[in-house]
Amino acid sequence: MSKKFPKLIEVCPIVDAVIEIRFKTKVPHSAVFGLVYSKLSSEFKSVENLPILQIPENIRMGDPNLKYKPLYKISNNDFIVQIGPDVLSISSSPKYVGWQKFSKKIFSILNQIEDLKIISEVERLGIRYINFFNQNIFDKIKLEMNLSGENILNQKTFIRTQISSGKFLNILQISNEAISKNVLGSIIDIDCSKTKGLQDFFKNKEAIINEGHLKEKELFFNLLTDEFLKELKPIY
């Protein structure tokens with residue numbers, strides 16, 4: 001019998017939740033933002049050019065660290081969409097609205113992008129959640145690490161590891177020296193991604209994204225001790 005996870009937790013630690021797709025396009029790079037914004041402009045009134053636009057395109061496209069960075073940000077009261085020539089991300093911001101409302105918005109936006117018929121191939125799906133805690137999270141999770149028998153998790157510690165989960169890959173980062181809104185604490189950062197089996201992404205997007213969200217959720221809740229989870233007031 002599979003473990004039952006909460007539908008939500010009342011003491012919500014999520015400070016950022018992002019869905020990202022990286023793709024190949026059928027149109028010139030310079031045309032992508034205009035076409036996408038034409039579909040989303042009625043809902044997202046705020047438009048911002050991101051600083052990376054100042055870097056010449058030939059440099060951006062030749063640098064793997066810059067290639068998939070978005071160039072524009074559009075937003076409303078609940079969501080942010082960032083757009084580049086080969087990337088699109090959707091964030092629940094400034095406050096996480098819950099998966100039911102967030103996923104509904106994700107699928108609505110992706111349906112509109114699909115209608116444009118400008119994407120020839122989806123190369124990567126990423127689902128990333130960053131959780132912040134105003135305490136040393138290593139005291140609250142099922143993770144042990146020692147050096148010569150001495151626990152080192154009470155020191156300033158940053159951990160990054162990759163964990164395969166079926167056809168998804170979770171990149172897990174945990175730090176007990178993070179700052180959010182000028183508060184010192186800890187983060188649990190999970191980036192769940194899929195790079196294979198995306199040939200029919202738009203046809204199967206809801207199943208693929210929901211599966212990835214579940215993989216991220218399983219890893220997060222499996223990390224927490226039972227006692228700490230109770231402190232977060234889970235709702236099943």
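Heads up: the structure comes first, above all this text.
This section reports on the structure supplied with the text.

Conventions and cut-offs
Residues numbered from 1 in each chain as written. Predicted model: local features only at pLDDT ≥ 70, side-chain atom pairs only at ≥ 80, totals over all residues. Heavy atoms only, no water. Buried < 20%, exposed > 50% of the residue type's maximum accessible area, 1.4 Å probe, protein only. Helix = DSSP H or I, 4+ residues; strand = E, 2+ residues; numbered from the N terminus. Arc of directions from axis to C-beta. Contact = heavy atoms within 4.5 Å. Phe/Tyr/Trp six-rings, centres within 6.5 Å; stacked < 30°, edge-to-face > 60°. Lys NZ or Arg CZ within 6 Å of the ring centre and 35° of its normal. Axes fitted to C-alpha atoms, helices over the stretch in contact; angles between N-to-C directions. Parallel < 35°, antiparallel > 145°, perpendicular 65-115°, else oblique. Left-handed = near helix turned anticlockwise from the far one by under 90°. Nonpolar A, V, L, I, M, F, W, Y, C, P; charged D, E, K, R; others polar. 1 Å grid on protein atoms, 1.4 Å probe; cavity = no way out; pocket = protein on both sides within 12 Å on 5 of 7 lines; lining within 4 Å. Points joined across faces, edges and corners; volume = space filled by probe spheres on them.

## Considerations on helix α1 (residues 29-40)
Move 1: Those residues of α1 that sit buried are V32, F33, V36 and L40. Down the axis of α1, the smallest arc covering the buried residues is 85°, so these residues share one side.
Move 2: Buried residues along α1 sit against β2 (14-25), β3 (46-49), β4 (72-75), β5 (79-84), β6 (87-92) and α3 (99-116).

## Observations regarding the packing of aromatic side chains
Move 1: For the structure on display, the rule yields 10 aromatic pairs.
Move 2: Ring centres of F201 and F202 lie 5.3 Å apart, and the angle between their planes is 75°; on these two criteria the pair is classed as edge-to-face. The two residues F201 and F202 agree in class, both being buried.
Move 3: One aromatic cluster in this structure is built from F79, Y96, W99, F102 and Y129.
Move 4: Its guanidinium or amino end placed over the ring of Y68, K67 lies 5.1 Å from that ring's centre, counting from NZ or CZ.
Move 5: Lying across the ring of F168, K194 places its NZ or CZ 5.2 Å from the centre.

## A closer look at the packing of α1 against α3
Move 1: Contact geometry of α1 with α3 gives a least axis separation of 10 Å together with a crossing angle of 130°. The pairing of α1 with α3 is recorded here as oblique in orientation. Regarding α1 and α3, the two cross each other, and that crossing is right-handed. Across the interface between the two elements, L35, V36, K39 and L40 from α1 touch I109, Q112, I113, D115 and L116 from α3.
Move 2: Broken down by class, the residue content of the contact of α1 with α3 amounts to 6 nonpolar, 1 polar and 2 charged.

## Points about the layout of surface pockets
Sizing a probe to match a water molecule and rolling it over the atoms shows the empty space that remains.
Move 1: Empty space within the largest pocket amounts to approximately 550 Å³.
Move 2: Around the largest pocket, the lining is made up of 27 residues, and of these V18, E20, K69, S89 and R128 lie nearest the centre.
Move 3: Elements that contribute at least two residues to the lining of the largest pocket include exactly β2, β5, β6 and β7 (119-133).
Move 4: Counted by class, the lining of the largest pocket contains 12 nonpolar, 6 polar and 9 charged residues.
Move 5: For the second largest pocket, the lining is made up of 19 residues, of which K7, L8, I14, Y96 and W99 are closest to its centre.
Move 6: Among the residues making up the lining of the second largest pocket, the classes are represented as 12 nonpolar, 4 polar and 3 charged.

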